[in-house]
Amino acid sequence: MSEVGPIETQAIERRAQSRRGAVVLTFDGVNTAFLGPYGNTWLATPGWNQLAASSLLMEQCLTPNTQAGEAFQNLWGGTIGHTTLAEQLREHSVTSRLISDDEKVLQIARETGFSSVETMTVPSATQAVDDLEQTTLFQQIDTALHRISSADHSATVNWIHLQGMMGPWDAPTGMRDTLFDEEIGEAPKWILPSPITNQDPLDSDDLLRWQVSYGAQIQVIDFCLQATQNWLEAIPSSIRPLLIVSAPRGCNLGAHGSCLDDATLWTDTAQVPLFVVDSGHTRSLRSQGLASWLDIGPTLIDFVTEPPYADSRSLLHRIKQPGMTCRDRCLLRSQHEVGICTEDWFLKLRTSSEPNLFVKPDDRNDINEISQKLGSITEQLRFALTELRDSETESVAIGIPGRLKD
């Protein structure tokens, strides 16, 4: 019996992989600063920590637009001369299925050719519940996973998208109380908090109220992630689907005055979590190179393609080489602003206003504005931003300035 060479072995592995499906789980409005794997220390997030321990984690992943609908349109929709993500999957005999509670996202899936689009109802929530299993998000996740389990999910991309932090905040009251400072009164009982759009910094008490309420709801997602990972582990490894967990946008929580406001562009709204779990291949891997929400598309195509997909944006390449990078800049947009982010800089512009420049990743919360101090860097980035906007591509042939060395 002849031995199987490395090329034949890779082909066998790709054929086995092609029979596996993929599950993409996205929650709207997740601020990475509240997650343990991204440096949070005051809020317990065991589900996110467990996810990081079994995944490839992208430390600097950015969304192209702080409006969720636009972010999905950018990822799923086809550009001139290119087919949509769903159409590309269909070319490889892979079906696409969306389960969501967000009508705008459901409509985008229909318009971009998803094979199946299923509405997830939002249970009415008027007050905090007594138990995590009673929360809106857990009921939705439980229902969605049951729907997937009841069907043959091989050769299928099952995408579950939930309003998440933009939906009801019905975490058990006890969770908020545990996080809150009793000296300034009771924890807020908000269920559907109203966005704050002013630019005046919140006072310390109001900031705490927002962060505690938001943090408790992040722990609800954490509980949902634990359930999802238990569901995944129950599937035999030979047919266990690829799992991707992310968010179409982040969320402002008062660092600059605004809360739940997608019209302003800050790191809090532009940075998103991104985890890729490929059983047996990913374990506590971290990539510090710049990544984009848009990279999810090439990753899915790569996963279902034989021979392997040539697009360097596929995150599967970083499983073998976590240190590799495929881009040196990302174009960012909000309702009123546009920006460019590199591994070293974040520049944003508002119409008829002076630019704002921040050092990355040191200035995590965009506190120290330095455009006047570094005029040359600011101008280079403004030019690169203009080129990106004009070309509407993710990379152009122009030098991007790096960090200044001491």
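Thresholds applied
- Residues numbered from 1 in each chain as written.
- Predicted model: local features only at pLDDT ≥ 70, side-chain atom pairs only at ≥ 80, totals over all residues.
- Heavy atoms only, no water.
- Helix = DSSP H or I, 4+ residues; strand = E, 2+ residues; numbered from the N terminus.
- Buried < 20%, exposed > 50% of the residue type's maximum accessible area, 1.4 Å probe, protein only.
- Contact = heavy atoms within 4.5 Å.
- Axes fitted to C-alpha atoms, helices over the stretch in contact; angles between N-to-C directions.
- Parallel < 35°, antiparallel > 145°, perpendicular 65-115°, else oblique.
- Left-handed = near helix turned anticlockwise from the far one by under 90°.
- Nonpolar A, V, L, I, M, F, W, Y, C, P; charged D, E, K, R; others polar.
- Pairing = 2+ DSSP bridges.
- Patch = residues over 30% accessible without salt bridge, like charges linked within 9 Å, V, L, I, M, F, W, Y side chains within 5 Å.
- Areas by Shrake-Rupley, 256 points an atom, 1.4 Å probe, with all protein chains shown as cover.
- Salt bridge = Lys/Arg side-chain N within 4 Å of Asp/Glu carboxyl O.
- Lys, Arg positive; Asp, Glu negative; His and termini not counted.
- Charge placed at Lys NZ, Arg CZ, Asp CG, Glu CD.
- Right-handed = clockwise from strand over helix to strand, strands pointing away.

1. Some details on the overall build of the protein
Secondary structure summary: the protein contains 12 helices and 12 strands in total. When burial is assessed residue by residue, the protein has 53% of its 406 residues classed as buried. Partitioning the contacts of the protein with sequence separation of at least 6, the portion at a separation of at least 24 is 71%.

2. Considering the packing of helix α3 (residues 68–76) against helix α5 (residues 103–111)
With their axes 10 Å apart at the nearest point, α3 and α5 run at an angle of 20° to one another. One element, α3, and the other, α5, form an angle in the roughly parallel class. Helix-helix and strand crossings are classified by hand; for α3 and α5 the assignment is right-handed. For the pair formed by α3 and α5, the contact residues are Gly69, Phe72, Gln73 and Trp76 on the first element and Lys104, Val105, Ile108, Ala109 and Glu111 on the second. Grouping the constituent residues of the contact of α3 with α5 by class yields five nonpolar, two polar and two charged.

3. Regarding the sheet that holds strand β11 (residues 345–350)
Reading across the sheet, the four strands line up as β9-β10-β11-β12 and stay open at both edges, with antiparallel pairing between neighbours. Of all strands in the sheet, those with a lone pairing partner are β9 (330–333) and β12 (356–359), marking the two edges. Ignoring strand direction, the axes of neighbouring strands in this sheet form an average angle of 15°. Where strand β10 (residues 337–341) and β11 come together, five bridges link them in antiparallel fashion. When the sheet's bridge partners are listed, Glu337 is paired in β11 with Arg350. Against the sheet, helix α12 (residues 375–391) touches β9, β10, β11 and β12, its axis set at about 70° to β11.

4. So, the packing of helix α6 (residues 136–149) against helix α8 (residues 204–233)
One can describe the packing of α6 onto α8 by two numbers: an axis separation of 9 Å at closest approach and a directional angle of 20°. With respect to each other, α6 and α8 are oriented roughly parallel. Here the hand of the crossing between α6 and α8 comes out right-handed. Residue-level inspection shows Leu137, Phe138, Ile141, Leu145, Ile148 and Ser149 of α6 in contact with α8, the latter providing Gln217, Val220, Ile221, Phe223, Cys224, Ala227, Thr228 and Trp231. Tallied by class, the residues present in the contact of α6 with α8 amount to 11 nonpolar, three polar and no charged.

5. Things to note about a negative patch on the surface
A contiguous patch of negative charge, built from Asp177, Asp181, Glu182, Glu183, Asp203 and Asp205, is present on the exposed surface. Position of Glu183 among the secondary structure elements: in the loop between α7 (173–179) and α8.

6. Brief notes about the pairing of strand β4 (residues 116–119)
Bridge analysis of strand β3 (residues 95–100) against β4 gives four bridges, and the strand direction is parallel. Bridging across to β4, Ile99 finds its partner in Glu118. Taken together, β3, α5 and β4 form a β-α-β motif whose crossover is right-handed.

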